[in-house]
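Reading the structure
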Amino acid sequence: MKALFNLVSGPAATAAAAGRWRGLRVVAVDGTLLLVPDCPAKLAVFTRQRLGNGISGYPQLRLAALVACGTRSVIGAVFGPATTGELEYARRLAVDLRAGMLLLGDRNFSAAALLSQPAATGAICWCAARRTGS
């Protein structure tokens, strides 16, 4: 499955202006949690998350993806235990960035350590700033 994903992942061909801003291909990074089957084999890798009133009903995995905004095609994806943070998985996606990309992320991704890695690839990074005040 990994080899197949690597074969078909990446920005899809589109009209020249689709998904671009000032000549840059606009891409976004974000993460989410997904439920996995509740069985001993999965529990060995993926844990149930602690909640305010106990634990989640199913084990969860964390998924981070790099997506082309114009076509919504997946350029890269990484996943693993939910105990590993979203920023760590996002760092692993830096290998999929290229010069000429504009990387968008929410304020969670504005960590300086994370932004230096994509910048080294030649990609330009922009993350939403934390709002202050009312």
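This text gives an overview of the structure that appears in the document. Being a predicted model, the structure only gives us computed values, none of them experimental.

1. What to know about the pattern of salt bridges
- The final tally for this structure, using the stated rule, is three salt bridges.
- Between Asp38 and Arg48 there is a salt bridge, with its nearest N and O atoms 2.5 Å apart. One end of the pair, Asp38, is in the loop between strand 2 (24-35) and helix 2 (40-43); the other, Arg48, is in the loop between helix 2 and strand 3 (50-51), with ten residues separating them in the sequence.
- The class of Asp38 is partly exposed, set by a relative accessible area of 36%.
- Note on Arg48: relative accessible area 28%, which makes it partly exposed.
- In this structure, Arg91 engages Glu88 in a salt bridge whose closest nitrogen and oxygen atoms are separated by 3.6 Å. Pair noted here: Arg91 and Glu88 are both in helix 3 (residues 86-92), with a separation of three residues, about one helical turn.
- Where salt bridges share partners, they join Glu88, Arg91 and Arg92 into one cluster.

2. Structural notes on unusual backbone geometry
- The backbone phi angle of Arg72 is positive, close to 65 degrees, even though this residue is not glycine.
- With respect to the helices and strands, the residue Arg72 is situated in the loop between strand 5 (60-68) and strand 6 (74-81).
- With a relative accessible area of 72%, Arg72 lands in the exposed category.

3. Here we look at the nonpolar core
- Among the nonpolar cores identified, the biggest contains 14 residues, and Val27, Leu66 and Leu97 are the most heavily contacted of them.
- Those elements that place two or more of their residues in this core are strand 2, strand 5, strand 6, helix 3 and strand 7 (101-105).
- Per-element tally for this core: the top contributor is strand 5, with three residues.
- Those residues in contact with Leu66 that sit more than four places away from it in its chain are Val27, Ala28, Val29, Ser73, Val74, Ile75, Gly76, Leu93, Asp96, Leu97 and Leu103.

4. A few points about the environment of Ser73
- Turning to its location among the elements, Ser73 is positioned in the loop between strand 5 and strand 6.
- Assessed through its relative accessible area of 14%, Ser73 is described here as buried.
- In sequence terms Ser73 and Val27 are 46 residues apart; their C-alpha atoms lie 9.6 Å from each other.

Each value, and the rule that gives it
- Residues numbered from 1 in each chain as written.
- Predicted model: local features only at pLDDT ≥ 70, side-chain atom pairs only at ≥ 80, totals over all residues.
- Heavy atoms only, no water.
- Salt bridge = Lys/Arg side-chain N within 4 Å of Asp/Glu carboxyl O.
- Helix = DSSP H or I, 4+ residues; strand = E, 2+ residues; numbered from the N terminus.
- Buried < 20%, exposed > 50% of the residue type's maximum accessible area, 1.4 Å probe, protein only.
- Core = buried A, V, L, I, M, F, W, Y, C linked by side-chain atoms within 4.5 Å.
- Contact = heavy atoms within 4.5 Å.

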